[in-house]
Amino acid sequence: MAVVKRTFDVVVVGAGGAGMRAALALSEAGLKVAVLSKVFPTRSHTVAAQGGIAASLGNVSEDNWHWHMYDTVKGSDYLGDQDAIEFMCRAAPEVVYELEHFGMPFDRTDSGKIYQRPFGGHMQDYGKNPVQRACAAADRTGHALLHTLYQRNVQANTNFFVEWMALDLIRDQDGDVLGVVAMEIETSEVMILQARATLFATGGAGRIFQASTNAYINTGDGLGMAARAGIPLEDMEFFQFHPTGVHGAGVLITEGVRGEGGYLINKDGERFMSRYAPNAKDLASRDVVSRAMATEIKEGRGCGKDADHVLLKLDHLGEDVISHRLPGIREIAIKFAHVDPAKDPIPVVPTAHYMMGGIPTNYHGQVVAPYDGGPEEIVQGFYAVGECACVSVHGANRLGCNSLLDLIVFGREAARQIIEDLKSNPHPKQLPSDAADRSLSRLARLEGQKNGESVSEVGAAMRRVMQAHCGVFRFPDLLAEGVRKIYEVAERAKCTEIKDKSKVFNTARVEALELDNLIEVAQATMTAAAARQESRGGHARDDFPDRDDDNWLKHSLYFSEGRHLDYKPVRLKPLTVETFPLKTRVY
Amino acid sequence: MKFRIYRYNPETDTQPSMQSFDLNLEAGDAMLLDALVMLKAQDDSLGFRRSCREGVCGSDAMNINGRNGLACITPLSSLKQPIELRPLPGLPVIRDLIVDMTQFFKQYHSIKPYLINNDPPPETERLQSPKERAEIDGLYECILCACCTTSCPSFWWNPDKFVGPSGLLQAYRFIADSRDQATAERLDNLEDPYRLFRCHTIMNCVDVCPKELNPTQAIGRIKGLMSKRTV
């Protein structure tokens, strides 16, 4: 079957914060860019980020990028690559000022500067006292950021392919990436988008879990495509459970609530974080707070008739702080928890939130994979940024507000790198004759499938397994059983059947294709979690409660083919400063 | 729980129809979107957009019992049965509850929805006092769901000429921003019998906005600025 082909300098897949920051720079550089998005750009999940974007502006309290870097290294439980972390923390003030110049509506201090609030793990003087580092637009920072970037892209005439879904990566015999095969959702038309540079900014995959703060669209599409094309996925065992998802609904309540002075209580009304993190208390790292909450609940101090959640108290902040700094939270609490937080505490529970792992890249956004003896060889033509990438700046646990920062710093940097790389690479390579075959056979399989299970059934089975076997605390027997079960679900996912065969805006087909991606991520996460015999950051093993730097100070690499694991060293050497040496992590 | 849902697939249907659905579900705390996802599990051909499921992305705007709203933040318990769902009015239907939003975004783009400031940017942030910043509260929060614009009779009649409440709210968002220098240009852009002045303060927009914003007020302020500069 002949597939229509279009050729671009750069194809960007994903139009969230990272994709749009990159697209802006690429469009402004005069390159021919196509930006594909499953949804209209401002519907991307960056829109749901609440609390802020981290940068050591020092607008409210003294701060500098060294302290930010230390906090990030410590927050990562020393698994983060220190070259990338230095790069990000140093660039932070500049990229945030840029956003302000683009028109982003930050809140302001009395002197007219960008308002900054305290956040979990943000400290002064190498971990001593909380610092106000989170640059905020009320509790809608992601919305403000995403809309600003979209607006700027409108001005730059960026070429968006709205409601297009990328299906598969095109690689040739040398392993070089030459573009993607994609489908226009409205018409089901399949097209080859050839490009000299392909940038993935496809976001996370929180939808592998039953209870998740993530949007329905967060289905790990970039990771699925990369995995199917033989690219490994890095550090997939590290999944962040956000301490404060609304009990039941899973909707996110920002850490900014605790930054503004809110705190968690158990059924006895005790501010229990004082026992787990005597210094930082409720502003300890997310992994620490989530484990503390899970422990409180496990030991019978949970709230409610089923003792299955704790409470987030903020009524003492007063009407003024709540209506000015946390208006969106109040809206969410009223709608989803049926409480007005100015009067009553919000029932919360740790909820799957963020994938620290992803497609392995260096700090220029270039995808790297083991090849010919080298652990980190550049995959020509392929770049990844944002949550779908693993730079790795977040290591085993991400600090709040470092995700928006990650998007902007590496979105901008990958664009710079692409512009440079394209200068020495002026002509597109010859497409392999089978470029579209994988996608076409996936679509044909779906078209012809008989007696298969529904996508919603298999998806539900996957989410149940992940939730029960790969949660905040991980147990050896549950993990072993989880691996077996998720591989079984993966077999079932190969025979999903859709009843709707229409070519017009077929969302059933989209969901089936998304499940192919989710199941790649779920298998990677479970497999890597079962293998890592230590506790570090977001990965907490009941049978190995301590961090084990002698054996496990290394990144994992999961290969879809054969579901095998490999490992590579952590980059402990920063770019210009001394290495932050390994220390026990206390807050 | 009973539903009547607008169905239309241009491949197979010559005209749209309303289909009845029955769902075994207690309203409880569930939102309308939860019910739609369950209905789709029964009949995967049911088409609707959705993403964040918390009222910030603007994907799942639809006409719910005659009124535009977001399915994800509309509690089932607040709805009279049978719950009647239709696509947003005034835009072409692609399929079922999915409308073609091209015209809506075209109007949004027409107001130059980006900050215009021709001074070279300073090394740090441009300063803006909390009071100046407060001027854009109630404006920048728009999620582009189109609930307001597609509830506006003036937009139904002149979708190609009248900017509509959402676009005008955004126009005022930039006029009101102390950092923006293009107020005159923005007013020129709206000085037209249709683009701005087709607003007859019917106020459906205010009534339906899921973010409780007030486009009519913003439009009134633009009109005020317009008349001030003509005298």
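For the structure, see preceding data.
Procedures and definitions
Residues numbered from 1 in each chain as written. Chains lettered and ligands numbered in written order. Predicted model: local features only at pLDDT ≥ 70, side-chain atom pairs only at ≥ 80, totals over all residues. Heavy atoms only, no water. Contact = heavy atoms within 4.5 Å. Buried area = accessible area lost by both parts, 1.4 Å probe. Salt bridge = Lys/Arg side-chain N within 4 Å of Asp/Glu carboxyl O. Polar contact = N/O pair within 3.5 Å; in protein donor to acceptor, adjacent residues only side chain to side chain. Helix = DSSP H or I, 4+ residues; strand = E, 2+ residues; numbered from the N terminus. Nonpolar A, V, L, I, M, F, W, Y, C, P; charged D, E, K, R; others polar. Pairing = 2+ DSSP bridges. Axes fitted to C-alpha atoms, helices over the stretch in contact; angles between N-to-C directions. Phe/Tyr/Trp six-rings, centres within 6.5 Å; stacked < 30°, edge-to-face > 60°. Buried < 20%, exposed > 50% of the residue type's maximum accessible area, 1.4 Å probe, protein only. Lys NZ or Arg CZ within 6 Å of the ring centre and 35° of its normal.

J.: What am I meant to see in the interface of chain B and chain A here?
T.: Quoted interface sizes are often the accessible area lost when the parts come together. The partner chain A presents 64 residues to the 61 residues of chain B that form the contact. Overall, the association of chain B and chain A removes approximately 4,900 Å² of surface from exposure, summing both partners, and the carbon and sulfur fraction of that is 52%. Put simply, chain B and chain A have seven salt bridges between them. One salt bridge in this structure joins Arg 49 of chain B and Glu 163 of chain A, with 2.6 Å as the shortest N-O distance. Taken together, chain B and chain A are joined by 39 residue pairs in polar contact (both at pLDDT 80 or more). The element contributing the most residues to the side of chain B that touches chain A is helix 1 (residues 32-42) of chain B, with four residues. Of the residues belonging to the side of chain B that touches chain A, the class tally is 32 nonpolar, eleven polar and 18 charged.

J.: I keep staring at the sheet that holds strand 5 (residues 129-135) of chain A and nothing clicks. Help me out?
T.: Residues and elements named next belong to chain A. What the three strands build is an open sheet, ordered 3-5-4; its pairing is antiparallel. With partners counted over all chains shown, the strands left at the sheet margins are strand 3 (53-54) and strand 4 (116-124), one partner each. Pairing of strand 4 with strand 5, which is carried by five bridges, proceeds in the antiparallel orientation. When the bridges of strand 5 are listed, Pro 118 appears paired with Gln 132. Each of strand 3, strand 4 and strand 5 touches helix 2 (residues 65-75); the most contacted strand, strand 4, lies at about 65 degrees to it.

J.: Looking at this structure, how should I read the packing of aromatic side chains?
T.: Remark: the centre distance and the inter-plane angle together describe each pair of aromatic rings, the angle taken between the planes. The final tally for this structure, using the stated rule, is 16 aromatic pairs over all chains. Ring centres 5.0 Å apart and planes at 65 degrees place the aromatic pair Phe 209 of chain A and Phe 239 of chain A in the edge-to-face group. In this pair, Phe 209 of chain A is assigned in the loop between strand 9 (190-200) and helix 5 (221-228) and Phe 239 of chain A in strand 11 (residues 239-246), connecting sequence segments 30 residues apart. For the pair Phe 209 of chain A and Phe 239 of chain A, a shared accessibility class is recorded, and that class is buried. Ring geometry for Trp 552 of chain A versus Tyr 567 of chain A: centroids 5.5 Å apart, planes at 80 degrees, classification edge-to-face. Remark: Tyr 567 of chain A occurs in strand 22 (residues 564-569) and Trp 552 of chain A occurs in helix 16 (residues 549-552); sequence separation between them is 15 residues. Judged by its relative accessible area of 11%, Trp 552 of chain A is buried. One aromatic cluster is present, built from ring pairs that chain together Phe 40, Tyr 150 and Phe 160 of chain A together with Phe 104 and Phe 105 of chain B. The aromatic ring of Phe 473 of chain A is capped on one face by Lys 298 of chain A, whose charged end is 4.6 Å from the ring centroid. Seen from the ring of Trp 552 of chain A, Lys 554 of chain A lies directly overhead, with NZ or CZ sitting 4.9 Å from the centre.

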